[in-house]
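Read off the chains here:
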Amino acid sequence: MDVILFLIFAAIAVICAVNLVVQTHPISSALSLVGVMGALAALYLLLGGEFIAAAQLVVYAGAIMVLFVFVIMLLNAGREQKSKKRSWVKFAGIPLLLVLLGLISFLVQSVIPETEGVTLGGFTHGTALDIGRALFTTYLLPFEVTSILILIAILGAIVLARKEID
Amino acid sequence: MNFLILSLIKAAIVAFVLMTTLAYLQWIERKVIAHIQLRVGPRRVGPHGLLQPLADVIKLLTKEDMLPSHVNKVFYFLAPFVAVTFALIAIAVIPFGPEITIGPVHTYMQLTDINIGVLFILGLSGMGVYGVALAGWASNNKYSLMGGLRSSAQMISYELPMALAIAAPLLMLNTLSFRELVNGQAGYYLGFIPRWAIFQGPFPQIFSFLLFLIAAFAETNRIPFDLPEAENELVAGFHTEYSSMKFAAFFMAEYANMVTVSCVGTLLFLGGWQPIFPAALGSNFVPSLVFVIGGLICLYHGFHPARPFDRITLPIAGVVFLGIAAAFVAPVLGPILVPLFWFASKVGVILFLYIWVRGTLPRFRYDQLMRFAWTFMFPVAVANLMITGLLVALTA
Amino acid sequence: MPPLPQSVPIAWYLTLSAILFVLGVAGFLYRRNIITVFMSIELMLNAVNLSFITFSYKLKQVDGHLFSFFVMVVAAAEAAVGLAIILTVFKNRQTLEIDEVSSLKN
């Protein structure tokens, strides 16, 4: 049952990612990315990361992608035009990307032995309690630093995107 | 029983009850607003207009389903589907009562209890923004686009005070799963004051409840925050170009959001299905008492009816109420129906508040609305959370 | 059709992460709309998040979840500032193609 669920959500993630790269209109790409994030949230649940799955839905799919969709709608971005560059560059890229994929997969398969499988319930320390405990004891400094980072990002976004008052 | 079959039966019951509730919520809203405005409301279709939702469904089903030529077809069809899906999924984690035993079956009155129930609801309300934004954009119409963008911006702005208002009772109750939240509000102070989150020490969560209610009004696009779908300002906002079943889908999504948010408010702040005074003082008989009084009033007025057809309908209603009152004290149905009554009455109070405010207040202008969220609600929610955290840490 | 294993091997999760990462690289290199390029970067970050959580499962520690959480937070900050920059570029150049923003070339 775990295997079937993994295959379904992995297939959804890969199909949505391919759709992201192939679609010409940015809003179709944005909605495909939301699909990828939803499938990944389900995969995090299978891996026992319940808090991270919820955070993925709340933060990534529910806030960051909404920001992307807003900007695409506000800028009224149209479809992408055909490129005027020569096409041999595009054809040379695909085998190289496949080589990269093969290299990473080979490294992964050779380093990780196939003895252990992922079962639902194999990892129970992904609850909000465990993450909260680790966040406020071991990772307290990165936590405070990221809060300042978010403040800087808010200030930067407001300064960059406001109208100039003449 | 097999877990899958049991879950399917529960899902079917919940879906059926939810759909009926949504239809009759619209009837209740029209009647209550009518009486606030000193008129009567629908009364032609069936006794007291009770078959009006059925007439509305037939009308919406048989209306012409137009597809304007200038819309973006994929997103035009996707938007109401997304809106309704995310609105209805949220009911899956709401508990309606404690665990029950019917014969050999021992189950909880909840479709599923996940450890992160509250975060799940927050995530789904964030995803609900997509339905509105896509509807506004796909319609290729400047009024719809403006309405859609304004509505989405309003929904994301008010998600923040709502999340902070939800975090405050979570600090006191120490869990994210809804069932544990309700169990943490069991018990009574001094024997008769319930330990709901709005009464619970060290800091009674009254401010959080008010913040939550205001943010919930804004999240569900109800008056006084419904400028994005106002009829006289923006044509009809983001659902201008939608007709028949797709329009019905948006309305179903709005009412389902209202019901979900009221259920979450009940579970977090009003103690879920816990009664208002303990069972030792006789709270198990309150539902029966209420329905017996209602039945007797109906029967009494059935003998001196104000309108001629009431001679038939009021006695029937009286007998039905007395039958329901008997069901509350029946041996097997009693323990199921009594907590359900308390839960439904608390949710009903919040829904009545929604309808009451709709009939009473004017609507905010858009810049007033956004300024209210960012300059008033957000700092107050942060201050409330800090005070709660301080008091919990000092008394732990 | 070989029989499905009893439980999912960890290598499958890491291979899926690699596939998503390579698709993100492909989108980053091939697409010419700034916003789509930015979304490919987010896809790469998501693939890395999946790797972190998989390794956290393998090593039975929660630190991978924490890293993933910080990646999400930093991605949020980066998305906010990046989209503000895109808005400014659009205001000044009236275009969203990265080939047209080339006034420093030659």
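The rules behind the values
Residues numbered from 1 in each chain as written. Chains lettered and ligands numbered in written order. Predicted model: local features only at pLDDT ≥ 70, side-chain atom pairs only at ≥ 80, totals over all residues. Helix = DSSP H or I, 4+ residues; strand = E, 2+ residues; numbered from the N terminus. Rg over C-alpha atoms; globule rule 2.2 N^0.38 Å. Buried ≥ 20, exposed ≤ 12 C-beta atoms within 10 Å, placed from the backbone. pLDDT = per-residue confidence, 0-100. Contact = placed C-beta atoms within 7 Å. Expected span 1.5 Å × (residues − 1). Pairing = 2+ DSSP bridges. Core = buried A, V, L, I, M, F, W, Y, C linked by C-beta atoms within 7 Å. Domains from an automatic or database assignment. Axes fitted to C-alpha atoms, helices over the stretch in contact; angles between N-to-C directions. Parallel < 35°, antiparallel > 145°, perpendicular 65-115°, else oblique. Left-handed = near helix turned anticlockwise from the far one by under 90°. Nonpolar A, V, L, I, M, F, W, Y, C, P; charged D, E, K, R; others polar.

Enquirer: Can you walk me through the overall build of chain A in this structure?
Expert: Check the secondary structure of chain A and you find six helices and one strand. Listed N to C, the secondary structure of chain A is α-α-α-α-β-α-α in terms of helices and strands. Taking 166 residues into account, the globule formula puts the C-alpha radius of gyration at 15 Å, and chain A, at 21 Å, lies well above it. Taken across its 166 residues, chain A has 34% of its residues classed as buried.

Enquirer: In this structure, what is going on with the overall build of chain C? I would like to understand it.
Expert: For chain C, the count of helices and strands is three helices and one strand. Taken from the N to the C terminus, the helices and strands of chain C come in the order β-α-α-α. Computed over C-alpha atoms, the radius of gyration of chain C comes to 18 Å, more than 25% over the 13 Å expected from 2.2 N^0.38 for 106 residues, which places it beyond the range of a compact globule. Expressed as lengths along the three principal axes of its C-alpha atoms, the size of chain C is roughly 55 × 35 × 20 Å. The proportion of buried residues among the 106 residues of chain C is 48%.

Enquirer: Would you take a moment to explain the confidence of the model for chain C for this structure?
Expert: Do not read the predicted coordinates in detail wherever pLDDT is low. Residues and elements named next belong to chain C. Here chain C shows a mean pLDDT of 89. Residues at 70 or above account for 99%. Mean pLDDT across the elements of chain C ranges from a minimum in strand E1 (residues 8–9), with 86, to a maximum in helix H2 (residues 34–59), with 93. Scored by ipTM, the complex comes to 0.90, with pTM at 0.90.

Enquirer: Before we go on, may I ask you to explain the confidence of the model for chain A in this structure?
Expert: Across chain A, the average pLDDT comes to 87, with 92% of residues at or above 70. Strand E1 (residues 117–118) of chain A is the least confidently modelled element of chain A, averaging 78 in pLDDT, while helix H2 (residues 26–46) of chain A averages 94, the highest of any element.

Enquirer: Please explain the interface of chain B and chain A as it appears in this structure.
Expert: A common way to express how large an interface is: the accessible area buried when the components associate. Counting from both sides, the interface comprises 15 residues of chain B and, opposite them, 13 residues of chain A. Looking at the side of chain B that touches chain A, the elements that each hand over two or more residues are helix H4 (117–138) and helix H5 (142–173) of chain B. Looking at the side of chain B that touches chain A, the element that brings in the most residues is H4 of chain B, giving nine residues.

Enquirer: I tried to follow helix H1 (residues 10–30) of chain C on my own but got confused; where do I start?
Expert: Residues spaced three or four apart along an α-helix point in a common direction, a consequence of the helix completing one turn every 3.6 residues. Taking 1.5 Å as the rise per residue, H1 of chain C with 21 residues should run 30 Å; its terminal C-alpha atoms sit 31 Å apart, in good agreement. Where burial is concerned, most of H1 of chain C is hidden: 15 out of the 21 residues are buried.

Enquirer: Help me understand the pairing of strand E1 (residues 97–102) of chain B in this model?
Expert: The two faces of the sheet receive side chains in turn, since in a regular strand these alternate between them. All names here are of chain B. In this structure, E1 lies alongside strand E2 (residues 105–109), joined through five bridges in antiparallel fashion. What sits directly across from Glu 99, in E2, is Tyr 108. Taken together, E1 and the strand that follows it, E2, pair antiparallel across an intervening segment of two residues, in which Gly 103 is found at a positive phi of about 65 degrees.

Enquirer: Before we go on, may I ask you to explain the nonpolar core in this structure?
Expert: Here is a general trend for soluble globular proteins: nonpolar side chains tend to be buried in one another's company. One finds Ala 13, Ala 30 and Met 65 of chain A, Ala 83 and Ala 215 of chain B together with Ile 35 of chain C to be the most contacted residues of the largest nonpolar core, which totals 177 residues. Top contributing element to this core by residue count: helix H3 (residues 50–75) of chain A, with 18 residues.

Enquirer: Even after reading the chapter, I still don't get the domain arrangement of chain A, so can you show me in this structure?
Expert: Splitting chain A by domain gives domain 1 (1–79) and domain 2 (127–166). A straight line from the C-alpha centre of domain 1 of chain A to that of domain 2 of chain A covers 23 Å.

Enquirer: I'm lost on the interface of chain C and chain A in this one. Help?
Expert: In this assembly, 60 residues from chain C lie in contact with 71 residues from chain A. Broken down by secondary-structure element, the contributors of at least two residues to the side of chain C that touches chain A are E1, H1, H2 and helix H3 (63–93) of chain C. Top contributing element to the side of chain C that touches chain A by residue count: H3 of chain C, with 22 residues. Sheet topology places E1 of chain A next to E1 of chain C; two bridges connect them, and they run antiparallel. Opposite Gly 117 of chain A, over in E1 of chain C, you have Pro 9 of chain C as the bridge partner.

Enquirer: In this structure, what is going on with helix H3 (residues 73–89) of chain B? I would like to understand it.
Expert: Residue and element names in this part refer to chain B. For H3, built from 17 residues, the straight-helix expectation of 24 Å at 1.5 Å per residue is met to within 8% by its first-to-last C-alpha distance of 25 Å. Residues of H3 that are buried include every one of Tyr 76, Ala 79, Pro 80, Val 82, Ala 83, Val 84, Phe 86, Ala 87 and Leu 88, and no others. Residues of H3 that are buried in the fold lie against H4 and helix H8 (244–269).

Enquirer: Which parts of the structure should I look at to understand the environment of Asn 141 of chain B?
Expert: All names here are of chain B. Mapped onto the fold, Asn 141 is located in the loop between H4 and H5. Each C-alpha atom, one on Asn 141 and one on Cys 263, is 35 Å from the other, the two residues being 122 residues apart in sequence. Not counting the four nearest positions on each side in its chain, Asn 141 is found in contact with Thr 240 and Glu 241.

Enquirer: How do you make sense of unusual backbone geometry when you look at a structure like this?
Expert: What you tend to see is this: most non-glycine residues have negative phi, and most peptide bonds are trans. Put simply, Ile 223 of chain B and Pro 224 of chain B share a cis peptide bond, and its omega is 10 degrees. As for its placement among the helices and strands, Pro 224 of chain B is situated in the loop between helix H7 (206–219) and H8. Within the chain, Asn 174 of chain B stands out as a residue other than glycine whose phi angle is a positive 65 degrees. Its location among the elements puts Asn 174 of chain B in the loop between H5 and helix H6 (178–183). Asn 174 of chain B sits in the exposed class, given 12 other C-beta atoms within 10 Å. Even without glycine at this site, Lys 60 of chain C takes up a positive phi of about 55 degrees. C-beta crowding within 10 Å serves as the criterion here: with 11 such atoms nearby, Lys 60 of chain C is assigned to the exposed category.

Enquirer: Quick question: what am I supposed to make of the environment of Asp 310 of chain B here?
Expert: Residue and element names in this part refer to chain B. Locating Asp 310 in the fold gives a position in helix H10 (residues 310–328). C-beta crowding within 10 Å serves as the criterion here: with 17 such atoms nearby, Asp 310 is assigned to the partly exposed category. The contacts of Asp 310, once residues within four sequence positions are left out, are Gly 302 and Pro 305.

Enquirer: Explain the arrangement of the chains to me, please; I cannot follow it from the model alone.
Expert: If you rank the two pairs of chains in contact by how many contacts each has, first place goes to chains A and C. Spatially, chain B and chain C are disjoint, and the shortest separation between their C-alpha atoms is 14 Å.

Enquirer: How should I be thinking about the packing of H3 of chain A against H4 of chain B in this particular structure?
Expert: Each pair of packed helices can be described by the angle between their axes along with the distance between the axes. Packing of H3 of chain A against H4 of chain B brings their axes to within 8 Å, and their N-to-C directions diverge by 20 degrees. As judged from the angle between their axes, H3 of chain A and H4 of chain B are roughly parallel. Seen along the crossing, H3 of chain A lies across H4 of chain B with a hand that is left-handed. Where H3 of chain A abuts H4 of chain B, its residues Ala 54, Leu 57, Val 58, Ala 61, Gly 62, Ala 63, Val 66, Val 69 and Met 73 of chain A lie against Leu 119, Phe 120, Leu 122, Gly 123, Gly 126, Met 127, Val 129, Ala 133 and Trp 137 of chain B. Split into classes, the residues belonging to the contact of H3 of chain A with H4 of chain B amount to 15 nonpolar, three polar and no charged.

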